[in-house]
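# Chain and residue survey
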Amino acid sequence: MKKDSFPEPLSEREIVTTRVIDAPRERVFKAWTDPEHLAQWWGPKGFTNTFQEFDMRPGGAWRFVMHGPDGVDYKNKSVFVEIVRPERIVFKHVSGPQFQVTATFTEQAGKSRLIFRNEQNFDRLEAQLAKMA
């Protein structure tokens with residue numbers, strides 16, 4: 001087979017976003033792991049969420065509907081792969097486009113360094129963290 005018949009390695013297709021957030025790592029991790037907080041900031045700007053299931057353990061399901069600003073509902077299902085408190089969350093999105101997300105949380109001089117893949121989610125996370133303070 002020709003070399004170009006194979007997809008590029010995962011590392012060349014990975015989208016990585018990093019942000020230093022002005023909040024302690026424990027609070028940032030809580031905003032990711034408490035469904036009450038997560039539902040407030042998850043997804044693109046203008047979207048809201050309804051969670052049906054949030055079983056945050058390896059093999060546990062996260063089922064929710066994202067409600068778009070245009071009135072369209074988007075059903076989502078993910079399965080948690082790994083939870084290392086308060087350092088890492090890994091889950092696989094298994095409905096629609098399939099992908100794996102790894103969110104890594106590190107302490108950085110009283111702030112949190114978060115590595116993820118969706119910039120708008122970070123904007124909404126910071127707004128939720130301000131409410132939690």
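Anyway, here's the lowdown on the structure attached to this text. (Residues numbered from 1 in each chain as written. Predicted model: local features only at pLDDT ≥ 70, side-chain atom pairs only at ≥ 80, totals over all residues. Heavy atoms only, no water.)

## Describing the overall build of the protein chain
Counting secondary structure elements, the protein chain contains 4 helices and 7 strands. The linear arrangement of helices and strands in the protein chain, starting from the amino end, is α-β-α-α-β-β-β-β-β-β-α. Nonlocal contacts in the protein chain, meaning residues at least 24 apart in sequence, comprise 43% of its contacts between residues at least 6 apart. Accessible surface, the protein chain: about 8000 Å² in total, of which carbon and sulfur atoms supply 50%. (Helix = DSSP H or I, 4+ residues; strand = E, 2+ residues; numbered from the N terminus. Contact = heavy atoms within 4.5 Å. Areas by Shrake-Rupley, 256 points an atom, 1.4 Å probe, with all protein chains shown as cover.)

## Examining the environment of Ala23
Within the secondary structure, Ala23 sits in the loop between strand S1 (17-21) and helix H2 (25-33). The class for Ala23 is buried, based on a relative accessible area of 3%. A sequence separation of 107 residues divides Ala23 from Ala130, and the C-alpha atoms of the two residues are 8.5 Å apart. (Buried < 20%, exposed > 50% of the residue type's maximum accessible area, 1.4 Å probe, protein only.)

## Some words on unusual backbone geometry
The omega angle of the peptide bond from Arg85 to Pro86 is -15°, so this bond is cis rather than trans. Relative to the assigned elements, Pro86 resides in the loop between strand S4 (73-84) and strand S5 (88-93). For Ala109, which is not a glycine, the phi torsion comes out positive at approximately 55°.

## A short note on the pattern of salt bridges
Evaluation of the coordinates by the stated rule reveals 4 salt bridges. A salt bridge links Glu126 to Arg19; the nearest nitrogen and oxygen atoms lie 3.0 Å apart. Separated by 107 residues along the polypeptide, Glu126 in helix H4 (residues 119-132) and Arg19 in strand S1 bring together distant segments of the chain. (Salt bridge = Lys/Arg side-chain N within 4 Å of Asp/Glu carboxyl O.)

## Overview of the sheet that holds S4
As summarised here, the arrangement of the 7 strands in space is S1-S7-S6-S5-S4-S3-S2, forming an open sheet in which the pairing is antiparallel. Because the sheet does not close on itself, it has two edges, and the strands there are S1 and strand S2 (48-54). Neighbour-to-neighbour, the strand axes of the sheet open up by a mean angle of 25°, direction not taken into account. In this structure, S2 lies alongside strand S3 (residues 61-67), joined through 6 bridges in antiparallel fashion. For Asn49, the partnering residue across the bridge sits in S3 and is Met66. Packed onto the sheet, H2 meets S1, S2, S4, S5, strand S6 (99-108) and strand S7 (111-116) and runs at close to 155° relative to S6. (Pairing = 2+ DSSP bridges. Axes fitted to C-alpha atoms, helices over the stretch in contact; angles between N-to-C directions.)

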